[in-house]
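Structure assessment
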Amino acid sequence: MIRDFIYKYYIDPIRYGQAYTVVDTLTYAIILIIAVYLVYRGLQRFGISVDRKFVLSTIPYVVLGGLLRVVEDTGMITSDVRFLLITPLIFFVIFFITAGALFVSRLLELRGVVSDYARPYAWTGIVLSVASFLLLMYWGATHTQIDLFVLFVIPAMAVVTTAIVWGALRYLAGWEYVAEPLYTLLIFGHMLDASATSFGIDLHPLHYVEQHVVGSHLIGLTGTAFSMFLLKLVVIVPAIYILELYRKEGSPAFWHLVLLAMIVVGMAPGIRDLMRMVLYV
């Protein structure tokens, strides 16, 4: 019975690309919470300050995760290796790539080869992301098509909605602390996800579907994928308020790490959905 349960909720969804269920969604959420704490403790022991510099230097790896997920979507990898690029296994792959780059960069700093670990760490992620992007664009040019309009319009939607949300919080709600760049990045990441989802389901010729439980139910109730913007606001606005309360009284390092995790949850799937629509896969 346990074996059937594991296959039904964890293995088969990965193998057959099935939609998420309440069971696996809750499981992955719990794993994320535990992982954030363990990473926090590990970084402390390794002497790495979890601050704004660390978060910004890690963003290229968030982009890399979204792009590598699209590599699997294209079908260019036909062996079982492709399963490593499917959620949730891809999180472990990106984690080891990120941790490896961070570890090497920190060693270079300790040995005096570089003055700051953040520079080689960030540039490694940037180079890998650019290489993945160029690979996907080459594949699109030779196998399907490249829709430059989508590549422009979805980020534009994300920028505009980010500006609206940021302005409302800053000037209408009076939350001066949203001027913190990481809060802006958090809003943008989730607006990018909402923009990609709404465009893909309601406007894109291929008519994509929402795989997550809450999102799919909301879209079914409202009849439009643009309701994802409302869902994002319901989540990120209280989250920012709570995060700010914690920043005043809690650990700055843990605050940065939680904020990074929330950016990942929005930005990575947004980038994946964007690139899928650009390449028509």
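As shown above, the structure is provided for reference.
Residues numbered from 1 in each chain as written. Predicted model: local features only at pLDDT ≥ 70, side-chain atom pairs only at ≥ 80, totals over all residues. Heavy atoms only, no water.

Some words on the overall build of the protein
If you tally the helices and strands in the protein, you get 10 helices and zero strands. Counting from the amino terminus, helix and strand elements in the protein follow one another as α-α-α-α-α-α-α-α-α-α. With 281 residues in all, the protein has 46% of them scored as buried. Considering only residue pairs separated by 6 or more positions, the protein has 74% of its internal contacts joining residues 24 or more positions apart. Carbon and sulfur atoms make up 71% of the accessible area of the protein, which amounts to about 14700 Å² in all. (Helix = DSSP H or I, 4+ residues; strand = E, 2+ residues; numbered from the N terminus. Buried < 20%, exposed > 50% of the residue type's maximum accessible area, 1.4 Å probe, protein only. Contact = heavy atoms within 4.5 Å. Areas by Shrake-Rupley, 256 points an atom, 1.4 Å probe, with all protein chains shown as cover.)

Some thoughts on a nonpolar patch on the surface
On the surface, Val 81, Leu 84, Leu 89, Phe 91, Phe 92, Phe 95 and Phe 96 cluster together into a nonpolar patch covering about 690 Å² of accessible area. Summarising the element assignment, Phe 95 is placed in helix H4 (residues 89-110). Judged by relative accessible area, Phe 95 falls into the partly exposed class, the value being 41%. (Patch = residues over 30% accessible without salt bridge, like charges linked within 9 Å, V, L, I, M, F, W, Y side chains within 5 Å. Salt bridge = Lys/Arg side-chain N within 4 Å of Asp/Glu carboxyl O.)

A few points about the packing of aromatic side chains
Under the counting rule described, the total for this entry stands at 11 aromatic pairs. Ring geometry for Tyr 177 against Tyr 183: centres 6.1 Å apart, planes inclined by 65 degrees, an arrangement best described as edge-to-face. There is no split in this pair, since Tyr 177 and Tyr 183 are both buried. With 5.7 Å between their ring centres and 90 degrees between their planes, Tyr 183 and Trp 255 make a pair best called edge-to-face. Taken together, the residues Tyr 183 in helix H7 (residues 181-202) and Trp 255 in helix H10 (residues 252-279) connect sequence positions 72 residues apart. Judged by its relative accessible area of 0%, Tyr 183 falls in the buried class. Relative accessible area serves as the criterion here: at 1%, Trp 255 is assigned to the buried category. (Phe/Tyr/Trp six-rings, centres within 6.5 Å; stacked < 30°, edge-to-face > 60°.)

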